[in-house]
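This is what each chain is made of:
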Amino acid sequence: MGRVTWMLALRQLRSAPRQSALAASVVAVSVALVVFLNALIGGLQRRLLETTTGGIPHVVLEPAPREPLPVWVLRPSSDSVYVGTRSTRELRTRSIENWRGWVSWLEALDRDIAVVIPTVEGPGVLTRESRTEPIRIVGADPERFDRAFGLQQRLVAGRYVGLGGGEAVLGHRLADRLGLRLRDRFRVTSPVGTSTLLVAGIVRTGFSRLDDGVAFVTLRQAQSMLGLGTAVTTLSVRLRRPFAADRVADRIAPVAPFEARSWMRENRQLLAGLQAQSQSSFLIQFFVTLAAGFGIVSILITNVLARLREIGILRAMGATRSQILEVFALQGTLLALTGGLVGAGLGVSLALLFYQARASAAQPDLEVFPVDLNAGLVLGSVALSVVVGTLASLIPARQAAAVDPIRVIRST
Amino acid sequence: MESVLQLDRVCKLYTEGVPVWALRDVDLAVRPGEFVAVVGPSGSGKTTLLNIIGLLDRPTSGRVLLAGRDVSNLSENARSLLRRDLLGFVFQNYYLLPELTVVENVLLPLRLRGSVSARDRTRVEGLLDRVGLAAYARVFPSQLSGGQQQRVALIRALANDPTLVLADEPTGNLDSQSGRAVFDLMRELNRATAKSFIMVTHDERFATQADRVVRIEDGRIQPEAVTP
């Protein structure tokens, strides 16, 4: 690309400052909208995802139920054959004995697997004085569990990491209902017996399932309360990217003796909703970008028409068609780049302004509009505007390159 | 001596609307350093002739040789490059680019070719100085008078060191004094640089001062009458 085409493009843009500003503003508005919409929808989706998956494993591995066996029964009284199935559903808790091997196998299996938490889960009844509440007992190694769910930093009181035998962390709503405070004792009755536990921590996770009815204990404590020996009931898998869940589950199921449940399969409707939201936002952005492209086309066409004679003179002086094309395509690129950068700045400012809004003074941590801003989004939007601007400018630029010098020079 | 330009039986037929022969069997040869005036009534084919010589238009038949090379059937791109390297244009309405300064306008033909060497720049600035416009180098064309603008256009036409300068009514838009000054300057530069000039004009005063006058009527060149 020659210096002369740069010079001509820049001079032409500068000589019509209002037109240039108008074209750049059209791009700026569209890029601002794309950045802002993406940040907002991304933020809302992220919050929705966190609400959905924040407190649950992305993939849950449980021992595969045995396949119902076909049974062929020969009836002695007749010559017919009875074909049917025999249910093999078990009543006792299914468990995984050799889980240590599976944990290291799983953690090496896939790059998306962040952590595998051997977990013991089972039912229990919590008793405090004369009141009782049904609860779930969740036993896991606190350090590991905390890595996945960040329980420690959501504690209202006490501790989770470093939890000992005979200690438990309770959800804050459960604790409130029963009037339990730090260091209080309570009893839990499980299918195999009754244990007395000490409140070592109270947690507010924001997930009602956890805040309302779970007692977190150590793995060993849960194993003993549920009579599992050294076995666990589930392997909970947290992923680096939640949307890899289906893929990871599908990868594990055929090669391991587990039933692999992905959070995605169990939240189909939510995902369909998110997808519909993404698609409609994409459509809006598509049309906004298209409009910006048309803006550049129309303004540059005006520019070409106003400069027909100038183009003719340049051609007469020996400018090639490709040089003329460059001059006008460059203008489109420069307008789009300028507009794109300004628009990105605007979009980011707008998103941050919305992000400042808080639900209330009482909940300073909860923003009304969660936004998801990242460099990829901002740079991507600018790059998109440059590509669209350049492509759009090719229409007027080709028109300019096709100008016949004879026709325009003499028509004065 | 070999001709800078040679036209052999060049015809041009315009087929849009009623077919019109704009040029019929035109033969013309221009020697190096020669100053040729082309005269004739309106619609006689002067401009068509200049467009064909300037590689802006193609002959319907016949042959055009520029610097010894047949240029009648070159591609669009090749013609652009030849215009850039061998030809200089002066238009009736000057046609300087309004958003470029005087010196930028003058250097434009060189920039279209690539970079401008220090030697080129010195030469072009010398030409500007010669026509008394060195002080206006950083000024935009709109701040100059018509005569000054045409002088700048003349220097622009010479900037790429062309073989042939084509001037289409270069004095047509100027008052008689400025017109005279521009013509004298063209003649002076023609003698000083030994470039060939072809000037289309209506003005007999200037035509008679050319090395040769080519009269054209109804697309035909009339027998030569004046050889000063």
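Keep in mind that this is a model prediction, so the values were computed, not measured.

1. Re the overall build of chain B
At step 1: When helices and strands are tallied, chain B shows 7 helices and 10 strands.
At step 2: Taken along the three principal axes of its C-alpha coordinates, chain B extends 50 × 40 × 40 Å.
At step 3: Going through the 228 residues of chain B one by one, you find that 54% of them count as buried.
At step 4: Restricting the contact set of chain B to residue pairs at least 6 apart, pairs at least 24 apart contribute 71%.
At step 5: Carbon and sulfur atoms form 48% of the exposed surface of chain B, whose accessible area is close to 9600 Å².
At step 6: Where the 28 positive side-chain charges of chain B centre and where its 27 negative ones centre are 3 Å apart.

2. Regarding the domain arrangement of chain A
At step 1: Splitting chain A by domain gives domain 1 (3–52 + 270–411) and domain 2 (59–69 + 93–262).
At step 2: Here the C-alpha centre of domain 2 of chain A lies 50 Å away from the C-alpha centre of domain 1 of chain A.

3. Observations concerning helix H5 (residues 146–159) of chain B
Along an α-helix, residues three or four positions apart point the same way, because every turn accommodates 3.6 residues.
Residue and element names in this part refer to chain B.
At step 1: The end-to-end C-alpha distance of H5, which contains 14 residues, comes to 20 Å, matching closely the 20 Å that a straight helix rising 1.5 Å per residue would cover.
At step 2: Along H5, 12 of the 14 residues are buried, which leaves the element largely enclosed by surrounding structure.
At step 3: Burial in H5 covers these residues: Gly147, Gln148, Gln149, Gln150, Val152, Ala153, Leu154, Ile155, Arg156, Ala157, Leu158 and Ala159.
At step 4: Phi for Asp161, located one or two positions after H5, is positive at around 55°.

4. Details of the sheet that holds strand E1 (residues 5–14) of chain B
Residues and elements named next belong to chain B.
At step 1: A sheet is described by the order of its strands in space; here 4 strands give the open sequence E2-E1-E4-E5, paired in antiparallel fashion. The open sheet has two edge strands with one neighbour each: strand E2 (20–30) and strand E5 (69–70).
At step 2: Here strand E4 (residues 61–66) pairs with E5 via 2 bridges, running antiparallel. Paired with Leu66 across the two strands is Arg69, which belongs to E5.

5. A word on the sheet that holds strand E8 (residues 196–200) of chain B
Residues and elements named next belong to chain B.
At step 1: Taken in spatial order, the 6 strands make up an open sheet running E6-E7-E8-E3-E9-E10, and their pairing is mixed. If you trace the sheet from one side to the other, it starts and ends with strand E6 (87–90) and strand E10 (220–221), each paired once.
At step 2: Pairing between E6 and strand E7 (residues 164–168): 4 bridges, direction parallel. The residue of E7 that forms the bridge with Leu87 is Leu164.
At step 3: Across the face of the sheet, helix H2 (residues 76–86) comes into contact with E6 and E7 while running at roughly 80° to E6.

6. Quick look at the packing of helix H12 (residues 321–356) of chain A against helix H13 (residues 375–401) of chain A
A packed helix pair is summarised by two numbers, namely the angle formed by the two axes and the spacing between the axes.
Residues and elements named next belong to chain A.
At step 1: It is the contact of H12 with H13, at a shortest axis distance of 7 Å, that shows an interaxial angle of 150°. Judged by the inter-axis angle, H12 sits roughly antiparallel to H13. Every pair of crossing elements has a handedness; the one defined by H12 and H13 is right-handed.
At step 2: Of the residues that constitute the contact of H12 with H13, the class distribution is 16 nonpolar, 7 polar and 2 charged.

7. As for the packing of aromatic side chains
Residue and element names in this part refer to chain A.
At step 1: What the rule picks out here adds up to 16 aromatic pairs over all chains.
At step 2: Summarising the aromatic geometry, the rings of Trp102 and Trp105 are spaced 5.3 Å apart at their centres and angled 85° between planes, so their arrangement reads as edge-to-face. Taken together, the positions of Trp102 and Trp105, both in helix H3 (residues 99–109) and 3 residues apart, correspond to about one turn of that helix.
At step 3: Taking relative accessible area as the criterion, Trp105 reaches 32% and is therefore assigned partly exposed.
At step 4: Where Tyr160 meets Phe216, the ring centres are 6.2 Å apart and the plane angle is 70°; that geometry is what we call edge-to-face. Highlighted residues: Tyr160 in the loop between strand E6 (155–158) and strand E7 (167–171) and Phe216 in strand E10 (residues 214–217), separated in sequence by 56 residues. In this structure, Tyr160 and Phe216 share a single accessibility class: buried.
At step 5: Site record: aromatic cluster; members linked through ring pairs are Phe145, Phe149, Tyr160 and Phe216.

8. So, the confidence of the model for chain A
Residues and elements named next belong to chain A.
At step 1: When pLDDT is averaged along chain A, the result is 87, and 90% of the positions lie at 70 or above.
At step 2: Segment residues 69–76: pLDDT under 50, and 15 contacts once partners within four positions in sequence are set aside and those in other chains are kept.
At step 3: Confidence drops under a pLDDT of 50 for residues 86–92, and excluding neighbours within four residues, the segment shows 7 contacts in the predicted structure.

9. Topic: helix H1 (residues 3–15) of chain A
At step 1: In a regular helix each residue adds 1.5 Å, so 13 residues correspond to 18 Å; H1 of chain A covers 18 Å between its end C-alpha atoms and thus fits that length.
At step 2: Looking only at H1 of chain A, the buried set comprises Val4, Thr5, Met7, Leu8, Ala9, Arg11, Gln12 and Leu13 of chain A.

10. A closer look at unusual backbone geometry
Residues and elements named next belong to chain B.
At step 1: Of note in the backbone geometry, Arg9 takes a positive phi value of approximately 45° without being a glycine.
At step 2: With respect to the helices and strands, Arg9 occurs in strand E1.
At step 3: Backbone geometry at Tyr94 places phi at a positive 65°, although glycine is not the residue there.
At step 4: Within the secondary structure, Tyr94 is located in the loop between E6 and helix H3 (102–113).

11. Describing the pattern of salt bridges
A side chain of one charge can pair with a side chain of the opposite charge if their charged atoms are brought near each other.
At step 1: On inspection of all chains with the given rule, the structure shows 38 salt bridges over all chains.
At step 2: Between Glu76 of chain B and Arg315 of chain A there is a salt bridge, and its shortest N-O distance comes to 2.5 Å. Of this pair, Glu76 of chain B sits in helix H2 while Arg315 of chain A sits in helix H11 (residues 308–316), each in a different chain.
At step 3: Using a relative accessible area of 0% as the deciding quantity, one classes Arg315 of chain A as buried.
At step 4: With a closest N to O distance of 3.7 Å, Asp120 of chain B and Arg123 of chain B form a salt bridge. With Asp120 of chain B and Arg123 of chain B both in helix H4 (residues 118–130) and 3 residues apart, this pair spans about one turn of that helix.
At step 5: The network of salt bridges with shared partners includes Asp110, Asp112, Arg241, Arg247 and Arg251 of chain A.

What counts, and at which threshold
- Residues numbered from 1 in each chain as written.
- Chains lettered and ligands numbered in written order.
- Predicted model: local features only at pLDDT ≥ 70, side-chain atom pairs only at ≥ 80, totals over all residues.
- Heavy atoms only, no water.
- Helix = DSSP H or I, 4+ residues; strand = E, 2+ residues; numbered from the N terminus.
- Buried < 20%, exposed > 50% of the residue type's maximum accessible area, 1.4 Å probe, protein only.
- Contact = heavy atoms within 4.5 Å.
- Areas by Shrake-Rupley, 256 points an atom, 1.4 Å probe, with all protein chains shown as cover.
- Lys, Arg positive; Asp, Glu negative; His and termini not counted.
- Charge placed at Lys NZ, Arg CZ, Asp CG, Glu CD.
- Domains from an automatic or database assignment.
- Expected span 1.5 Å × (residues − 1).
- Pairing = 2+ DSSP bridges.
- Axes fitted to C-alpha atoms, helices over the stretch in contact; angles between N-to-C directions.
- Parallel < 35°, antiparallel > 145°, perpendicular 65-115°, else oblique.
- Left-handed = near helix turned anticlockwise from the far one by under 90°.
- Nonpolar A, V, L, I, M, F, W, Y, C, P; charged D, E, K, R; others polar.
- Phe/Tyr/Trp six-rings, centres within 6.5 Å; stacked < 30°, edge-to-face > 60°.
- pLDDT = per-residue confidence, 0-100.
- Salt bridge = Lys/Arg side-chain N within 4 Å of Asp/Glu carboxyl O.

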